[in-house]
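Given next are the chains, with one letter for each unit.
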Amino acid sequence: MHGTGQTVDVVLKWRRSEDIGAVLQEQPEPLVVGSPECVPQPCELHPEQITEHAYLGLLPEDLQEAIATWEEELLDEEEEEAEADFPTEYSSDLSLAPGWKAGGFATWHLSDPHPVDCTVCGTPMPPLLTAYYVEWDPASESWAPREDLRPDLFRHVITPTGVYLGRGYLRIHTCPADPCHSHRLSAPGRPL
Ligand SMILES: [Zn+2]
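Bear in mind the structure is a predicted one, so any value in this text is a computation, not a measurement.

About the cut-offs
- Residues numbered from 1 in each chain as written.
- Predicted model: local features only at pLDDT ≥ 70, side-chain atom pairs only at ≥ 80, totals over all residues.
- Heavy atoms only, no water.
- Helix = DSSP H or I, 4+ residues; strand = E, 2+ residues; numbered from the N terminus.
- Buried < 20%, exposed > 50% of the residue type's maximum accessible area, 1.4 Å probe, protein only.
- Contact = heavy atoms within 4.5 Å.
- Donors = N, O, S within 2.8 Å, 3.2 Å for Na, K, Ca; no water.
- Tetrahedral: all angles 85-135°; square planar, octahedral: opposite > 155°, others 65-115°.
- Salt bridge = Lys/Arg side-chain N within 4 Å of Asp/Glu carboxyl O.
- Polar contact = N/O pair within 3.5 Å; in protein donor to acceptor, adjacent residues only side chain to side chain.
- Pairing = 2+ DSSP bridges.
- pLDDT = per-residue confidence, 0-100.

Bringing the overall build of the chain into the picture now. The helix and strand inventory of the chain stands at two helices and six strands. Relative to its 192 residues, the chain shows a buried fraction of 30%. Restricting the contact set of the chain to residue pairs at least 6 apart, pairs at least 24 apart contribute 67%.

Turning next to the coordination of the zinc ion. Geometrically, a metal with four donors at the corners of a regular tetrahedron has ideal angles of 109.5 degrees, and one with six donors at the corners of a regular octahedron has ideal angles of 90 or 180 degrees. Binding of the zinc ion to the protein goes through Cys118 (SG), Cys121 (SG), Cys175 (SG) and His181 (ND1), at separations of 2.1 to 2.4 Å. Around the zinc ion sit four donor atoms, and with donor-metal-donor angles ranging over 103 to 114° the site reads as tetrahedral. Between the donor residues of the zinc ion, the gaps in sequence give the motif C-x2-C-x53-C-x5-H. Pair noted here: Cys118 is in the loop between strand S3 (101-102) and strand S4 (127-131) and Cys175 is in the loop between strand S5 (170-173) and strand S6 (184-186), with a separation of 57 residues, a long-range link. The residues Cys118 and Cys175 share a single accessibility class, namely buried.

Taken as a whole, this structure holds three salt bridges when the rule is applied. Taking the shortest distance from any N to any O, the salt bridge between Arg155 and Glu141 comes out at 3.2 Å. Placement of Arg155 in the loop between S4 and S5 and of Glu141 in the loop between S4 and S5 is noted, with a sequence separation of 14 residues between them. Using a relative accessible area of 10% as the deciding quantity, one classes Glu141 as buried. Across the salt bridge formed by Arg150 and Asp152, the nearest N and O atoms sit 3.0 Å from each other. Looking at Arg150, the relative accessible area reads 39%, which means it is partly exposed.

This paragraph deals with the side chain of Ser95. Assignment of secondary structure puts Ser95 in helix H2 (residues 90-95). Within the structure, the side chain of Ser95 is placed 3.3 Å from the backbone oxygen of Ser91, a separation counted as a polar contact.

The strand order across the open sheet formed by four strands is S3-S4-S5-S6, and the pairing between neighbours is antiparallel. With one partner strand each, in any of the chains shown, S3 and S6 form the two edges of the open sheet.

Turning to the confidence of the model for the chain, a few remarks are in order. Residues with a pLDDT of 70 or more make up 89% of the chain, whose mean pLDDT is 85. For the chain, strand S1 (residues 2-4) is the element with the lowest average pLDDT, namely 46, and S3 is the one with the highest, namely 95.

A separate point is the pairing of S4. In terms of strand pairing, S3 meets S4 through two bridges, oriented antiparallel. Of the residues in S4, the one forming a bridge with Ala102 is Leu129. Two elements, S4 and S5, share four bridges in a ladder whose sense is antiparallel. Across the sheet, the residue bridging to Ala131 is Leu170, located in S5.

Shown next, in the form of structure tokens:
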């Protein structure tokens, strides 16, 4: 990724997994980078498969109402049990994981939802990769790996990659009908 002032240019390179040989011990650094915040800090990656659910505002109205009722009931239960330890919000705790992720759904909480369709064939394009500088924060702690919820990390904003591409998420969408069709980006404040 190259940061150039207000815009981010993304180059996607597809590789066949069978063509990949030994992984390099030393990762080559990019020759040109628009800003240091575009290069991840060395950190460990432990991919974890999770289940996401669609953005609240894109669900049918009756389902949105049912979720609101359910959240209110959970809040009432929490008040009765001070030590309750369960998520209470669909949006922050259950539907959309923060941080970097492959696949999943898009969040539109910083802008209104809008379709991202392929410019070649018109097929709706789901996110392939989402980059976000916060891996989790106190409002999204339900997504933190159990082993990382240590006392020194509890109630902190966790930013392990150090990558900052502007406020909000950078999403790369690809065409499910044909990977050769151009990818598109969606992010608040950036043109599609
Ligand atoms: Zn397409």
